[in-house]
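# Chains, contacts and geometry: an overview
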Amino acid sequence: MEENFYFKGSTLQVEYSLTIPVDTNIVWDHLTKTEDIAKWFQEIETGELKPDGYMLFRLPDSEITMPILSFIQDSEIAYEWGGIGSVRFKLTPISEGTKLDFYESLPEDFSHRIRDITGWSLALERLKQTILGKQTTFDMDKFQETENRYREMINNLKL
């Protein structure tokens, strides 16, 4: 997976890009259908899947509505993340299958920015593995290793 981090003012911009060797419609379903999303990111659900619709983030004791910011059927979906940030998924058909570009924008006052981008990088890997029919598990050692690497990278960007 390719990754790119940079600052736009004090807002952290994150970009991940990966190729998934399946048709775009399969990847789209895994980003937009609750039963498929649950296979790689259990807390996210589809609310109203349309422009000006919303996605849901469900925790055991609460539910957060995340407005959809951009919606192009079978191609792009973006929604609010954490109340002040945003995430966007863009799908492009390629000869090898589907190119998935993920973008995240996290303002300076977004708490736990490094943990969040670490979580997304591992979630995107789980997405790909799930689509390919492979079992995935959460690996705390990998999470901590990735978080430490990202923290160092982001701190070096600020210098």
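Quick caveat, the model's predicted, so the values are computed rather than measured. (Residues numbered from 1 in each chain as written. Predicted model: local features only at pLDDT ≥ 70, side-chain atom pairs only at ≥ 80, totals over all residues. Heavy atoms only, no water.)

A few words on the UniProt feature "domain: Activator of Hsp90 ATPase homologue 1/2-like C-terminal" (unreviewed entry) in the protein chain. What UniProt calls "domain: Activator of Hsp90 ATPase homologue 1/2-like C-terminal" (unreviewed entry) maps, in this numbering, to residues 25-130. The distance separating the terminal C-alpha atoms of residues 25-130 is 15 Å; by composition the span is 28% helix and 45% strand. (UniProt positions renumbered as here; feature names shortened; annotations may be inferred. Helix = DSSP H or I, 4+ residues; strand = E, 2+ residues; numbered from the N terminus.)

Next up on the list: the pattern of salt bridges. As enumerated under the stated definition, the model contains eleven salt bridges in all. Here R115 makes a salt bridge to E147, at a shortest N to O gap of 3.4 Å. Linking R115 in helix α3 (residues 113-131) with E147 in helix α4 (residues 140-158), this pair joins segments that are 32 residues apart in sequence. By relative accessible area, R115 is classed as partly exposed at 41%. Close ionic contact of E147 with R151 constitutes a salt bridge, the shortest N to O distance being 3.5 Å. Of this pair, E147 and R151 both sit in helix α4, separated by four residues, roughly a single helical turn. (Salt bridge = Lys/Arg side-chain N within 4 Å of Asp/Glu carboxyl O. Buried < 20%, exposed > 50% of the residue type's maximum accessible area, 1.4 Å probe, protein only.)

With that out of the way, let us pick up the side chain of S70. Its place among the elements puts S70 in strand β5 (residues 62-72). For S70, the side chain forms a polar contact with the side chain of E76, separated by 2.7 Å. The residues touching S70, leaving out its near neighbours within four places in the chain, are E76, I77 and A78. (Polar contact = N/O pair within 3.5 Å; in protein donor to acceptor, adjacent residues only side chain to side chain. Contact = heavy atoms within 4.5 Å.)

Counting residues in each nonpolar core, the largest one holds 38 residues, and the members touching the most others are Y79, W81, F89, I117 and W120. Here this core gets seven residues from one element, more than from any other, and that element is α3. (Core = buried A, V, L, I, M, F, W, Y, C linked by side-chain atoms within 4.5 Å.)

A few words now on the packing of aromatic side chains. All chains considered together, the criterion is met by 17 aromatic pairs. Between the aromatic rings of F5 and Y16, the centroid separation amounts to 6.0 Å while the plane-to-plane angle is 90°, which identifies the pairing as edge-to-face. Highlighted residues: F5 in strand β1 (residues 2-8) and Y16 in strand β2 (residues 11-20), separated in sequence by eleven residues. Each member of the pair, F5 as well as Y16, is classed as buried. With a centroid separation of 6.3 Å and 75° between ring planes, the pair formed by F41 and F57 is classed as edge-to-face. Residue F41 is found in the loop between α2 (34-37) and β3 (44-48), and its partner F57 is found in strand β4 (residues 54-59); the two are separated by 16 residues along the sequence. When its relative accessible area of 16% is taken as the criterion, F57 is described as buried. Each residue in the set F5, Y16, W40, F41, F57, Y79, W81, F89, F102, W120 and Y150 is aromatic and connected to the rest through ring pairs, giving one cluster. (Phe/Tyr/Trp six-rings, centres within 6.5 Å; stacked < 30°, edge-to-face > 60°.)

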